[in-house]
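# Descriptive analysis of the structure
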Amino acid sequence: MQKEENKLDNVVLHSLLETHKKYAIEYEGITFYNPTYCPFGGFTSTEKNHIGIDQYATLSDDFFIVGQKPKLGNKVYIEKELVCNQMVLSKPIELESNAEITPIKTSTQKEEVFHLVNMVQPGYFRKKTSDLGTYFGIYINGYLISVCGERMQMNKYTEISAVVTHPKHSRKGYAKQLIKHTSDHILSKNKIPFLHVAETNSLALKLYEKLGFKTRRKISFWNIKSNQI
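How each quantity is defined
Residues numbered from 1 in each chain as written. Predicted model: local features only at pLDDT ≥ 70, side-chain atom pairs only at ≥ 80, totals over all residues. Heavy atoms only, no water. Buried < 20%, exposed > 50% of the residue type's maximum accessible area, 1.4 Å probe, protein only. Helix = DSSP H or I, 4+ residues; strand = E, 2+ residues; numbered from the N terminus. Pairing = 2+ DSSP bridges. Right-handed = clockwise from strand over helix to strand, strands pointing away. Expected span 1.5 Å × (residues − 1).

### A closer look at the pairing of strand β3 (residues 40–43)
By the alternation rule, side chains of β3 split into Phe40 and Gly42 and Gly41 and Phe43, which are all buried. Judged from the three bridges that link them, strand β2 (residues 30–33) and β3 form a sheet pairing that is antiparallel. Looking at the pairing, Thr31 lines up with Gly42 of β3. Turn length for the β2-β3 hairpin, with the two strands adjacent in sequence and antiparallel, is six residues. Inspection of the sheet shows β3 paired to strand β4 (residues 62–66) by two bridges, in the parallel sense. Within the sheet, the bridge partner assigned to Gly41 lies in β4 and is Ile65. With helix α3 (residues 49–56) bridging β3 and its parallel neighbour β4, the resulting β-α-β unit is right-handed.

### Brief notes about unusual backbone geometry
Located in the positive-phi region is Asn141, a residue other than glycine, with phi close to 55°. With respect to the helices and strands, Asn141 occurs in the loop between β7 (135–140) and β8 (143–153). Backbone geometry at Arg171 places phi at a positive 60°, although glycine is not the residue there. Along the chain, the position of Arg171 falls in the loop between β9 (157–165) and α5 (174–187). Overall, Arg171 belongs to the exposed group, its relative accessible area being 76%.

### Details of α5
With 14 residues, α5 should cover 20 Å at 1.5 Å per step; its first-to-last C-alpha distance of 20 Å lies within 8% of that length. Taken residue by residue, α5 has Tyr174, Ala175, Gln177, Leu178, Ile179, Lys180, Thr182, Ser183 and Ile186 as its buried positions.

Listed below in structure tokens is the structure:
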């Protein structure tokens, strides 16, 4: 099992080698998600990754390399480094859930997820990100007010992502209930839930720790942007 856990060190690459292989765009030294689904890449060669990065920049002018700091050419630059805690859940969350949770299935629902996530956490969620896994939402009076779902996936691990609540409905426990629901869904498939949270987001870190997530390591998300006009 340790061998499977070690794949989390290069989580994008192994997701694209395993469960999400059909979304992969491969270059020499680096592999990316199709940018309509997810703006992430992971590399195998530090010496040649700049070649693939330059090629991918023709498809997306704003994306992330996850893991080690990449080697870059002249066509792109690092906008910022986002350091995250990579956290893993080893057992079911003990939490009473009373909210009505709705699986996100229709194109209208997916459009609602896209707009809610990008209102609260812009830059990570693309038009087809919700096709990467199962997403769940909470609706009030017909409006989507909270969401959570699956993003990167490997044979043994599935990432919980897009944990978002509309600001007008925050601090009411909706996120906790969706995290439990999503993690239970992942565990039911005999896979292990994990997630990434910015190390500066102390409120979220405390929430995840309270729910039973343990920090496995720090991991960097390098935001790459194109120099091309």
